[in-house]
Amino acid sequence: MNTINQFVKYVKLDEEKRILLAVQNSYQTFLHEKESKKMILEGLKSILNDDFKKLEIGKNVCRITVQEGKEEECKDKIYEELVKGLEMAMAFMSQMQNKDNQ
């Protein structure tokens, strides 16, 4: 299992061309915390800039509406940022664990 699949079930487009980002069930409570919602919204605006239109958060899915015609490009940007962020977090955690073991 690669790193992203530990946290994210999928990132795909729905029939309305919204980007769906589903988290693993064990992380769904994170989506509903006030600070998490704010962080997710700010992150999307930062990544997508003017292409971002709307964020809806369901049980374990974020539905992201973007500028028409930019859906695939924005989905790819979100996925790439998730991968980069998770890789950085895992590297940080590994470094911290190595320091603890010394």
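Throughout what follows, the structure given in this document is the object of discussion. Since we're looking at a predicted model, the values are computed, not measured.

As for the sheet that holds strand E4 (residues 61–66)
(1) Moving on: The four strands lie next to each other as E1-E2-E4-E3, forming an open sheet whose pairing is antiparallel. Two strands bound the open sheet, and with one partner strand each, they are strand E1 (8–13) and strand E3 (52–57). Averaged over neighbouring strand pairs, the angle between their axes works out to 15° when direction is ignored.
(2) Moving on: Relative to E4, strand E2 (residues 19–23) runs antiparallel, the two being bridged by four bridges.

Comments concerning the pattern of salt bridges
(1) Moving on: Taken as a whole, this structure holds eight salt bridges when the rule is applied.
(2) Moving on: As a salt-bridge pair, Asp76 and Lys75 come within 3.6 Å of each other at their nearest N and O atoms.
(3) Moving on: Given a relative accessible area of 34%, Asp76 falls into the partly exposed group.
(4) Moving on: Salt bridges linked by common partners bring Asp14, Glu16, Arg18 and Glu56 together as one network.

Some points on the side chain of Asp14
(1) Moving on: Considering the arrangement of structural elements, one finds Asp14 in the loop between E1 and E2.
(2) Moving on: A polar contact is formed between the side chain of Asp14 and the backbone nitrogen of Arg18, at a distance of 2.8 Å.

A few points about the pairing of E4
(1) Moving on: Pairing of E3 with E4, which is carried by five bridges, proceeds in the antiparallel orientation. Within E4, the residue paired with Lys54 across the bridge is Thr65.
(2) Moving on: Here E3 folds back onto E4, and the loop between the two strands holds three residues.

Describing the environment of Lys17
(1) Moving on: Here Lys17 is to be found in the loop between E1 and E2.
(2) Moving on: When the C-alpha positions of Lys17 and Lys70 are compared, they lie 9.5 Å apart, and in sequence the two are 53 residues distant.

Topic: the packing of aromatic side chains
(1) Moving on: In this structure the tally under the stated criterion is one aromatic pair.
(2) Moving on: Taken together, a centroid distance of 5.1 Å and an interplanar angle of 45° make the contact between Phe7 and Tyr27 tilted. Note that Phe7 is positioned in helix H1 (residues 3–7) and Tyr27 in the loop between E2 and helix H2 (28–31), a separation of 20 residues in sequence.
(3) Moving on: What makes Tyr27 partly exposed here is its relative accessible area of 35%.
(4) Moving on: Between Lys12 and the ring centre of Tyr10, over which it is positioned, the NZ or CZ distance is 4.5 Å.

What counts and what doesn't
- Residues numbered from 1 in each chain as written.
- Predicted model: local features only at pLDDT ≥ 70, side-chain atom pairs only at ≥ 80, totals over all residues.
- Heavy atoms only, no water.
- Pairing = 2+ DSSP bridges.
- Helix = DSSP H or I, 4+ residues; strand = E, 2+ residues; numbered from the N terminus.
- Axes fitted to C-alpha atoms, helices over the stretch in contact; angles between N-to-C directions.
- Salt bridge = Lys/Arg side-chain N within 4 Å of Asp/Glu carboxyl O.
- Buried < 20%, exposed > 50% of the residue type's maximum accessible area, 1.4 Å probe, protein only.
- Polar contact = N/O pair within 3.5 Å; in protein donor to acceptor, adjacent residues only side chain to side chain.
- Phe/Tyr/Trp six-rings, centres within 6.5 Å; stacked < 30°, edge-to-face > 60°.
- Lys NZ or Arg CZ within 6 Å of the ring centre and 35° of its normal.

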